[in-house]
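Observations on the model geometry
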Amino acid sequence: MTDETFTAFHHGRRIASGEPAEVLAAAWAALTRDSVEPLIFSDRTGAAQPLAPPARAGRGRPRLGVSAREVTLLPRHWEWLSAQPGGASAALRRLVEAAARAPESPEAARRRAADAACAVLSALAGDAPGAEAAVRALYAGDGATFTDQTAAWPADIRDYLARLAAPAFSAPSAPPA
């Protein structure tokens, strides 16, 4: 996903938001001024990102980013996968790519937004007054209570959480008649 954006915080203040390179540069600059490591979050998932040293162009072939992991399936699933063109790995890659391109359901988008906001909230304001109530409101889809509970928090944290959480408060679509 090349269009993913990130946001970095240092001492509870937002120091950068945007493309990975610019956010990493701001985070490294903050780290050189202070021993407290900045926190970097994915704007899509809320996942904390490690502060990796700036990449250097090296000689040789670039890494492809392939990682082997265990997958547990039933025998009939393995039989089907092995019968697919290119074998099990190629079939799984095609299935994952197709699922990743499929439109996200409104309920899945709300849940992803709530999970992202909760992850960031836990890291930046988990011990702040009203944090537990804010998390409950987040998963209940109660935007008004979430806003009330986070109102006294530092503006950068409150505003970032409001942006991440906004899709979690969208009204569910009516079921088909």
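See the structure printed just above.
Residues numbered from 1 in each chain as written. Predicted model: local features only at pLDDT ≥ 70, side-chain atom pairs only at ≥ 80, totals over all residues. Heavy atoms only, no water.

1. Description of the overall build of the protein
For the protein, the helix and strand inventory stands at seven helices and four strands. The order of α-helices and β-strands along the protein, N terminus first, is β-β-α-β-β-α-α-α-α-α-α. Looking at the protein residue by residue over its 177 residues, the buried ones come to 27%. Sequence separation of 24 or more characterises 54% of the internal contacts of the protein that already satisfy a separation of 6 or more. Carbon and sulfur atoms make up 57% of the accessible area of the protein, which amounts to about 12,000 Å² in all. (Helix = DSSP H or I, 4+ residues; strand = E, 2+ residues; numbered from the N terminus. Buried < 20%, exposed > 50% of the residue type's maximum accessible area, 1.4 Å probe, protein only. Contact = heavy atoms within 4.5 Å. Areas by Shrake-Rupley, 256 points an atom, 1.4 Å probe, with all protein chains shown as cover.)

2. Description of the packing of helix α2 (residues 75–82) against helix α3 (residues 87–101)
Where α2 contacts α3, the two axes come as close as 7 Å, and the packing angle between them is 95°. Taken together, α2 and α3 sit at an angle that is classed as roughly perpendicular. Judged by residue contacts, Trp78, Trp80, Leu81 and Ser82 of α2 engage Gly87, Ala88, Ala91, Leu92 and Leu95 from α3. Here the residues of the contact of α2 with α3 are counted per class, giving seven nonpolar, two polar and no charged. (Axes fitted to C-alpha atoms, helices over the stretch in contact; angles between N-to-C directions. Parallel < 35°, antiparallel > 145°, perpendicular 65-115°, else oblique. Nonpolar A, V, L, I, M, F, W, Y, C, P; charged D, E, K, R; others polar.)

3. Here we look at the packing of aromatic side chains
On inspection of all chains with the given rule, the structure shows three aromatic pairs. Their ring planes at 65° and their centres at 6.3 Å tell us that Phe9 and Phe41 sit as a pair that is edge-to-face. Of the two residues, Phe9 is situated in strand β1 (residues 6–10) and Phe41 in strand β3 (residues 39–42); the sequence distance between them amounts to 32 residues. Looking at Phe9, the relative accessible area reads 1%, which means it is buried. Under the relative-accessibility criterion, Phe41 is labelled buried at 1%. Three or more aromatic residues joined by ring pairs make a cluster, and in this case those are Phe9, Phe41 and Tyr160. (Phe/Tyr/Trp six-rings, centres within 6.5 Å; stacked < 30°, edge-to-face > 60°.)

4. Details of the pairing of β3
Judged from the four bridges that link them, β1 and β3 form a sheet pairing that is antiparallel. Paired with Thr7 across the bridge in β3 is Phe41. Note that β3 and strand β4 (residues 48–49) share two bridges and pair antiparallel. Residue pairing in the sheet places Phe41 in a bridge with Ala48 of β4. In this antiparallel pair of consecutive strands, β3 and β4, the connection spans five residues, and Gly46 shows a positive phi of 80°. (Pairing = 2+ DSSP bridges.)

5. Thoughts on the packing of helix α4 (residues 106–125) against helix α5 (residues 131–140)
Taken N-terminus to C-terminus, the directions of α4 and α5 make an angle of 170°; their axes are 10 Å apart at the nearest point. For the element pair α4 / α5, the angle class is roughly antiparallel. Residues Arg111, Ala114, Asp115, Ala117, Cys118, Leu121 and Ala125 of α4 touch α5, and the partners they reach there are Ala131, Ala134, Val135, Leu138 and Tyr139.

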